[in-house]
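Coordinate analysis (summary)
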Amino acid sequence: MKKIFLAGLIVIILGFAGCTQPTDSEPTYTVWTDVWTYAQFQGELGTTLQNGYYMRFELTNSEFSQIYRPDECKHDWTEDQIYDWFIGRGFGDTEANREKAWVITVNHGFLASRTGNFVDVLVK
């Protein structure tokens with residue numbers, strides 16, 4: 001009987017130990033990413049963006065609330081994941097670090113990067 005009680009107690013203790021969350025976990029930032037055609041970009045923003053260039057600007061709370069942000073485009077990313085998004089779009093190390101720093105410090109922002117007929121968009 002003591003063995004069964006002891007085994008049950010060990011299982012309970014190990015179960016609780018497995019549920020603890022680290023208190024020093026890395027912060028995450030909620031961002032939305034999407035890919036638009038260049039025609040969509042021009043239609044939505046009414047501006048041009050040269051191939052191989054990017055633009056960014058801060059958004060007010062009101063502007064941010066008006067942007068359509070589908071759930072399937074939503075991510076909770078760490079700084080490294082945001083950096084990797086920039087690297088994946090052809091940004092160099094210096095640019096990726098600079099823009100990552102902007103993304104994590106701005107309250108709300110919009111960034112668009114054009115490659116050919118496609119525009120990668122990141123909203124925070």
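Note that the structure is a prediction, hence the values are computed from the model and not measured.

Here we take up the packing of aromatic side chains. Across all of its chains, the model carries seven aromatic pairs by this definition. Centre to centre, the rings of Trp85 and Phe86 are 5.1 Å apart; their planes meet at 85°, and the pair counts as edge-to-face. Look at Trp85 and you get buried, because its relative accessible area is 6%. Among the aromatic residues, ring-to-ring pairing joins Tyr54, Trp85, Phe86 and Phe91 into one connected group. When the ring centre of Trp32 is taken as origin, the NZ or CZ atom of Arg69, which lies over that ring, is 4.9 Å away. Its guanidinium or amino end placed over the ring of Tyr38, Arg114 lies 3.6 Å from that ring's centre, counting from NZ or CZ.

On to the side chain of Glu99. For Glu99, the position within the fold is in helix 5 (residues 93-105). A polar side-chain atom of Glu99 sits 3.3 Å from a polar atom in the side chain of Arg98. Excluding residues within four positions of it along the chain, Glu99 makes contact with Tyr54, Arg56, Phe86, Phe91 and Leu111.

What follows deals with the pairing of strand 1 (residues 29-37). Both faces of the sheet carry side chains from a regular strand, because those side chains alternate between them. Note: strand 1 against strand 3 (residues 74-77), four bridges, orientation antiparallel. Among the inter-strand pairings, Thr30 is bridged to a residue of strand 3, identified as Asp76.

Another aspect to go through is the side chain of Thr33. Within the secondary structure layout, Thr33 lies in strand 1. Its relative accessible area of 14% is what places Thr33 among the buried residues. In terms of polar contacts, Thr33 uses its side chain to reach the side chain of His75, at 2.7 Å. Filtering out sequence-adjacent residues up to four positions away, Thr33 remains in contact with Cys73, His75, Trp77, Trp85, Val121 and Leu122.

For helix 4 (residues 79-88), every residue scored as buried is listed here: Ile82, Tyr83, Trp85 and Phe86. All buried residues of helix 4 project into a common sector of 155° when viewed along the axis, lining one side. Residues of helix 4 that are buried sit in contact with strand 1, strand 3, helix 5, strand 4 (109-115) and strand 5 (118-123).

Of all hydrophobic cores here, the largest spans 15 residues; its most connected members are Ile82, Trp85, Phe86, Val103 and Leu111. Those elements that provide at least two residues to this core are strand 1, helix 4 and helix 5. Apart from the residues within four sequence positions on either side, Trp85 is in contact with Thr33, Trp77, Leu111, Asp120, Val121 and Leu122. With 13 residues, the next largest nonpolar core counts Phe64, Phe110, Val119 and Val121 among its residues.

Between helix 4 and helix 5, the least distance of the axes is 9 Å, while the angle of their chain directions is 130°. Taken together, helix 4 and helix 5 sit at an angle that is classed as oblique. Once helix 4 is placed against helix 5, the crossing between them reads as right-handed. Contacts between helix 4 and helix 5 pair Glu79, Ile82, Tyr83, Phe86 and Ile87 from the former with Asp93, Ala96, Asn97, Glu99, Lys100, Val103 and Ile104 from the latter.

What follows concerns the sheet that holds strand 1. Adjacent strands of a sheet form backbone hydrogen bonds with each other and so pair up, either parallel or antiparallel. Overall, antiparallel pairing links the five strands, which are arranged 2-4-5-1-3 in an open sheet. Each of the sheet's edge strands pairs with one partner strand only, and the pair in question is strand 2 (54-58) and strand 3. When the angles between neighbouring strand axes are averaged without regard to direction, this sheet yields 20°. Lying on the sheet, helix 4 is in contact with strand 1, strand 3, strand 4 and strand 5; it crosses strand 3 at an angle near 120°.

Thresholds applied
- Residues numbered from 1 in each chain as written.
- Predicted model: local features only at pLDDT ≥ 70, side-chain atom pairs only at ≥ 80, totals over all residues.
- Heavy atoms only, no water.
- Phe/Tyr/Trp six-rings, centres within 6.5 Å; stacked < 30°, edge-to-face > 60°.
- Buried < 20%, exposed > 50% of the residue type's maximum accessible area, 1.4 Å probe, protein only.
- Lys NZ or Arg CZ within 6 Å of the ring centre and 35° of its normal.
- Helix = DSSP H or I, 4+ residues; strand = E, 2+ residues; numbered from the N terminus.
- Polar contact = N/O pair within 3.5 Å; in protein donor to acceptor, adjacent residues only side chain to side chain.
- Contact = heavy atoms within 4.5 Å.
- Pairing = 2+ DSSP bridges.
- Arc of directions from axis to C-beta.
- Core = buried A, V, L, I, M, F, W, Y, C linked by side-chain atoms within 4.5 Å.
- Axes fitted to C-alpha atoms, helices over the stretch in contact; angles between N-to-C directions.
- Parallel < 35°, antiparallel > 145°, perpendicular 65-115°, else oblique.
- Left-handed = near helix turned anticlockwise from the far one by under 90°.

Read these as spatial facts, not as claims about activity.
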